[in-house]
Amino acid sequence: MTTEQTAAPPRTGVAIVADGLGQSVRDGRRILDDISLAVAPGELVAIIGASGAGKTTLLETLAGVRRPAAGTVAYDGSSAAPGAVGFVPQDDIIHRELPLARTLHYAARLRLPSGTGPAEAARRVAAVLADLRLTERADVPVGRLSGGERKRASIAVELLTRPGVFLLDEPTSGLDPAIAVELLRVLRTLADAGTTVVLTTHQITDVDRCDRVVVLTRQGRLAYAGTPAAAREFFGLRSLAEVHLRLDEESDPAGWPDRFAAYRDTGRAADTDPAGPPIVGAEPRAMDGAGGTDHPGRTARRVGRLRQFALLAARNAEIVVRNRLTLAILLGSPLMVLGMFALLFRPGAFDPTNPRPTVTVMILFWIAFGGFFFGLTYGLLQICTELPILRRERLAGVRLLPYLLAKVAVLLPLLALVDLALLGVLRAMDRLPPVDGGAFAALYATLLLSSAAALALGLLCSAAVSDPAQATLLLPMLCFPQVLFVGAILPVPAMAAGGRWLSYAMSNRWAFEGLGHTAGVERLWRDGGSPLGPPLLQTYGDSFSRPIWVDWLVLGGFVLLFLAAAWAVLVRREARRAS
């Protein structure tokens, strides 16, 4: 890879200085303890250590993904330039439904400055594909790439912005040896071109291609930082492959860290880690245990909210369209429910000459519940399935509000389509009252608002859980209250006090009562001559007598409340992960 191939001018490397870093887990156990080291601009540095030594935690702390519990991380040199940090987690965290080139296209438009045009973004994508030898795979969906290709694709996302510092967690893990060597060559070339590269690895053979190696003990202490050659001398080894065994032979956990501290202080090895004096450069921007300033990769080189919303919505729509199975489920399941409704409901239930009040109640309830169920299931898996992707894109500057609204912008039109089909088919089959166009529009607006509220509730629950299995378990827990406390099985005025109060929190109640008001059930029951009519009217009280705009206002309030809560949950999750 040459500097002429890349799509952006070379960026000065970023110097990183960590001083006294510490991290703890919730039970108070220390996973990093007093780590001080420095990485010079343009260096390729490997972090090694046994499993559980804190390699990934250290890398995430250096990247700003985690806020240090103690100590500071300072970014010098080009850290003042926005978007200077690229972070690649161990997993291949990219959407698998899109072709590789399309995935990189959206990543480029989200990460590059707002003034970057489509032609420049396309040039960046083509250059990065060429750099990582993926040009011939550009039109292949990411999910069909090999493991090594997906790893390079994940790296390509960050290379689009030519970061000044590049941090990678286990980039060669699980790769074919030849592919791993090729990937290390790419990283070596990046470092030679001025990018600071830090990686974690279990493959000791990776270390010899690096300028420096950082060795952690099982207790999260710094056992060594310096060149690989000096590391072999320090540990008394011919090969660093035995370094973990040598560390485990130390009976005193502080033995090697103390030995290294003394070794570095004596200055006997000029090529050990220069952690003592800070690296001189531009005004440093530090992130400390108390919060400090933002990580440089999170500063203002972000596209505007409106552009983010448009890009995320376009990407969501393309993902849905390209995943034919998902699209078939989104559109097919409501059609299946509609077919069951057509078989379940008899025609003429709203005939004023032969009214059947209990049947009317059930039809209106199941229509309202259908809209609620569609919206809930559409939203319930939207966020939890891509939380790792969202966390990565947050580092690139993606904001949460455009992210949430982009979900709504793609899913709500689908809900509008299936709600219209539901009402239209039932009306054509005489399962609805013979209302005029205005009343039909009011029925449709009520049902669509009910679906929107349920969609927002689904997004909230999806943001709150950690995986799709948990979201699936929530489905009956969310649906049962919307059946029991709506007022169809037992009218709200007839409920116990606790049930009446709980019914106010059921969005489906307001949809059910709004549909009943527009359908004119009070008039139908009062004037239809059925002996059940007057008793039902008395039991339901004023449930169907409110103006329809009141029900719409309440449903709209649910939409805003649930979306705001989903945003707050994501903000809290991010804060807890960073702490």
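Anything mentioned here points back to the structure above.
On a predicted model such as this, the values are computed, not experimentally measured, just so you know.

Quick word on the overall build of the protein chain
Tallying secondary structure elements over the protein chain gives 20 helices and 10 strands in all. Residue burial in the protein chain is summarised as follows: out of 579 residues, 55% are buried. Sequence separation of at least 24 residues holds for 77% of the intrachain contacts in the protein chain that already meet a minimum separation of 6. For the protein chain, the exposed area adds up to about 24100 Å²; of that, 60% sits on carbon and sulfur atoms.

Description of the sheet that holds strand β8 (residues 212–216)
Here six strands make up an open sheet; going across it, the order is β5-β6-β7-β3-β8-β9 and the pairing mixed. Looking at which strands have only one partner, the edges of the open sheet turn out to be β5 (85–88) and β9 (222–226). The sheet shows a mean angle of 10° between the axes of neighbouring strands, taken without regard to direction. Where strand β6 (residues 165–169) and strand β7 (residues 196–200) come together, five bridges link them in parallel fashion. If you follow Val165 over to β7, its bridge partner there is Thr196.

A word on the pairing of strand β1 (residues 16–24)
With seven of its nine residues buried, β1 lies for the most part within the structure. Here β1 runs beside strand β2 (residues 30–39); their pairing, made up of six bridges, is antiparallel. Looking at the pairing, Ser24 lines up with Arg30 of β2. The sheet contact formed by β1 and strand β4 (residues 70–75) spans five bridges and is antiparallel. What sits directly across from Ala18, in β4, is Val73.

Details of helix α13 (residues 400–428)
Here α13 is 29 residues long and its end C-alpha atoms lie 42 Å apart, about the 42 Å a rise of 1.5 Å per residue gives. Roughly 25° is the biggest bend found in α13, and it falls at Leu411, with proline Pro413 one to four residues downstream. Among the residues trailing α13, Asp430 stands out with phi positive, at a value near 65°.

Comments concerning the packing of helix α14 (residues 437–464) against helix α17 (residues 507–519)
At a minimum axis separation of 9 Å, α14 and α17 run at an interaxial angle of 175°. Accordingly, the angle class assigned to the pair α14 and α17 is roughly antiparallel. Where α14 abuts α17, its residues Ala439, Ala442, Leu443, Thr446, Ser450 and Ala453 lie against Ser507, Asn508, Ala511, Gly514, Leu515, Thr518 and Ala519. Taken together, the residues of the contact of α14 with α17 break down into seven nonpolar, six polar and no charged.

Here's the deal with the pattern of salt bridges
A complete count under the given rule lists 21 salt bridges for this structure. In this structure, Glu43 engages Arg212 in a salt bridge whose closest nitrogen and oxygen atoms are separated by 2.7 Å. Remark: Arg212 occurs in strand β8 and Glu43 occurs in the loop between β2 and β3 (44–49); sequence separation between them is 169 residues. The salt bridge involving Glu393 is made with Arg315; its shortest N-O contact spans 2.6 Å. Residue Glu393 is located in helix α12 (residues 387–395), and its partner Arg315 is located in helix α9 (residues 305–322); the two are separated by 78 residues in the primary sequence. Neither residue differs from the other here; Glu393 and Arg315 are each classed as buried. Several salt bridges converge on common partners, so that one network encompasses Arg509, Glu513, Arg546 and Asp551.

Thoughts on the side chain of Ser154
Summarising the element assignment, Ser154 is placed in helix α4 (residues 147–159). Those residues within four positions of Ser154 in sequence are excluded, and the remaining contacts are Val88, Asp91, Asp92, Ile93, Ile94 and Arg392.

What to know about the side chain of Glu170
Turning to its location among the elements, Glu170 is positioned in the loop between β6 and α5 (177–192). Despite its burial, Glu170 remains without a salt bridge, the nearest opposite charge being carried by Lys55 at 4.7 Å. A polar contact is formed between the side chain of Glu170 and the side chain of His202, at a distance of 2.7 Å. When near neighbours in sequence (up to four residues on either side) are disregarded, Glu170 contacts Lys55, Gln90, Lys151, Thr200, Thr201 and His202.

Quick notes on the rules
Residues numbered from 1 in each chain as written. Predicted model: local features only at pLDDT ≥ 70, side-chain atom pairs only at ≥ 80, totals over all residues. Heavy atoms only, no water. Helix = DSSP H or I, 4+ residues; strand = E, 2+ residues; numbered from the N terminus. Buried < 20%, exposed > 50% of the residue type's maximum accessible area, 1.4 Å probe, protein only. Contact = heavy atoms within 4.5 Å. Areas by Shrake-Rupley, 256 points an atom, 1.4 Å probe, with all protein chains shown as cover. Pairing = 2+ DSSP bridges. Axes fitted to C-alpha atoms, helices over the stretch in contact; angles between N-to-C directions. Expected span 1.5 Å × (residues − 1). Bend = angle between axes of the 7 residues up to and from the residue. Parallel < 35°, antiparallel > 145°, perpendicular 65-115°, else oblique. Nonpolar A, V, L, I, M, F, W, Y, C, P; charged D, E, K, R; others polar. Salt bridge = Lys/Arg side-chain N within 4 Å of Asp/Glu carboxyl O. Lys, Arg positive; Asp, Glu negative; His and termini not counted. Polar contact = N/O pair within 3.5 Å; in protein donor to acceptor, adjacent residues only side chain to side chain.

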